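Residues per chain, in single letters:
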Amino acid sequence: MDARPPVALVHGFASSAEHNWAATGWLDLLAEAGREVIAVDMLGHGRAPRPTNPDAYQSVESDVGEALRGRGRVDAIGFSAGAGVLLRLAVARPGQFRRLALLGIGSGALDPPSPAAIITALEGEPDPEDTQGVVFRRLADGLGNDRAALAAFLRRRQAPLTTADLARITCPVLVVLGDKDPAGPGDALVATLEDARLVTLPGVDHFGTPSDVRCLQVVLGFVGE
């Protein structure tokens, strides 16, 4: 029997476990490696409830933590907003994780960008010049999301993470970023973590990271150690 722990997967904003991890091959590859998977749909996404009050989303991290209750130490992989949720959960529960792989997250972990433009794209007509807003609007509609629920998710109150917070994370961390991802650079994030390394994917943007074969290879190798 494989003694390695389960692998928790937390998807990105406006996505779902099915879209982020099943459709891109992660679930199959982890199963082939003999790993048990805990694929979470964050509140407001996928098959999870979709409240439209921002106050309901104060439980996002604790909901993910609840999915891991009783599982001991786990490996975890998160993309974008899901990576941010895992970071906050690891700060609160530093003993929960054996290894953390964070995709599509970088300097924004310490200095979060305003979500105002994305909220505008969800609630009104996106600016054609705002590529990110247009993509998120299409992603939200294409996956059958509730745009009001997604806007509420973005409006939830979050205290900024500090370097002292992140210093609580002592497990090995892998940060994977495309060199065309506006979430980068990742150097400042990696520098705040006790045991972290950065892998940069040439020619890859934010949304292409989870499906890039180089990303799959390096992350699966990392959690397989």
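Now for a description of the structure that goes with this document. Because the structure is a prediction, the values reported are computed rather than measured.

**Here we look at the side chain of Asp75**
And step 1. Residue position: Asp75 is located in strand E3 (residues 74–79).
And step 2. On the basis of relative accessible area, Asp75 is assigned to the buried category, the value being 0%.
And step 3. Reaching out from Asp75, the side chain makes a polar contact with the side chain of Arg98 at a distance of 2.9 Å.
And step 4. Setting aside chain neighbours within four positions, we find Asp75 in contact with Pro5, Pro6, Val7, Ala8, Arg35, Arg98, Arg99 and Val223.

**Overview of the packing of helix H5 (residues 116–123) against helix H7 (residues 147–155)**
When two helices pack together, their arrangement is given by the angle between the helix axes and by the axis-to-axis distance.
And step 1. Where H5 contacts H7, the axes come no closer than 9 Å and their chain directions differ by 165 degrees. Put simply, H5 runs roughly antiparallel to H7. Like other packed secondary-structure pairs, H5 and H7 cross with a definite hand, here left-handed. On the side of H5, the interface is formed by Ile118, Ile119, Leu122 and Glu123, while H7 contributes Arg147, Leu150, Ala151, Leu154 and Arg155.
And step 2. Residues of the contact of H5 with H7, tallied by class, amount to 6 nonpolar, no polar and 3 charged.

**A look at the environment of Pro51**
And step 1. By the element assignment, Pro51 lies in the loop between strand E2 (37–40) and helix H3 (60–67).
And step 2. Taking the C-alpha atoms as reference points, Pro51 and Asp146, 95 residues apart in sequence, are found 9.2 Å from one another.
And step 3. Discounting chain neighbours no more than four positions away, the residues touching Pro51 are Leu43, Ala56, Tyr57, Ala149 and Ala152.

**Let's talk about the sheet that holds strand E6 (residues 196–201)**
Within a sheet, each strand pairs with its neighbour through backbone hydrogen bonds, oriented either parallel or antiparallel.
And step 1. Spatial ordering of the open sheet is given by E2-E1-E3-E4-E5-E6, a layout of 6 strands whose pairing is parallel. The outermost strands of the open sheet, each flanked by one partner alone, are E2 and E6. Each adjacent strand pair in this sheet contributes to an overall mean axis angle of 15 degrees, direction not counted.
And step 2. Strands strand E1 (7–10), E3 and strand E4 (97–103) of the sheet are contacted by helix H4 (residues 81–92), whose axis makes an angle of about 150 degrees with E4.

**What about the nonpolar core?**
And step 1. Counting 50 residues, the largest nonpolar core has Phe13, Leu87, Phe97, Leu100 and Ile169 as the members making the most contacts within it.
And step 2. Of all the elements, H4 adds the most residues to this core, at 8 residues.
And step 3. In this structure, Leu9, Ala17, Val176 and Val204 belong to the second largest nonpolar core, which totals 20 residues.

**Some thoughts on the side chain of Asp181**
And step 1. As for its position among the elements, Asp181 is in the loop between strand E5 (173–178) and helix H9 (187–192).
And step 2. The buried charged residue Asp181 lacks any salt bridge partner; its closest oppositely charged side chain belongs to Lys180, at an N-O distance of 12 Å.
And step 3. A distance of 2.8 Å separates a polar side-chain atom of Asp181 from the backbone nitrogen of Ala183.
And step 4. A polar side-chain atom of Asp181 sits 2.9 Å from a polar atom in the side chain of His206.
And step 5. Those residues in contact with Asp181, other than ones at most four positions away along the chain, are Gly104, Val204, Asp205, His206 and Thr209.

**Description of H3**
And step 1. Residues of H3 that are buried: Val60, Glu61, Val64 and Gly65. End-on view of H3: buried residues confined to an arc of 135 degrees, all on one side of the axis.
And step 2. Residues of H3 that are buried in the fold lie against E1, E2, H4 and H7.

The rules behind each value
Residues numbered from 1 in each chain as written. Predicted model: local features only at pLDDT ≥ 70, side-chain atom pairs only at ≥ 80, totals over all residues. Heavy atoms only, no water. Helix = DSSP H or I, 4+ residues; strand = E, 2+ residues; numbered from the N terminus. Buried < 20%, exposed > 50% of the residue type's maximum accessible area, 1.4 Å probe, protein only. Polar contact = N/O pair within 3.5 Å; in protein donor to acceptor, adjacent residues only side chain to side chain. Contact = heavy atoms within 4.5 Å. Axes fitted to C-alpha atoms, helices over the stretch in contact; angles between N-to-C directions. Parallel < 35°, antiparallel > 145°, perpendicular 65-115°, else oblique. Left-handed = near helix turned anticlockwise from the far one by under 90°. Nonpolar A, V, L, I, M, F, W, Y, C, P; charged D, E, K, R; others polar. Pairing = 2+ DSSP bridges. Core = buried A, V, L, I, M, F, W, Y, C linked by side-chain atoms within 4.5 Å. Lys, Arg positive; Asp, Glu negative; His and termini not counted. Salt bridge = Lys/Arg side-chain N within 4 Å of Asp/Glu carboxyl O. Arc of directions from axis to C-beta.

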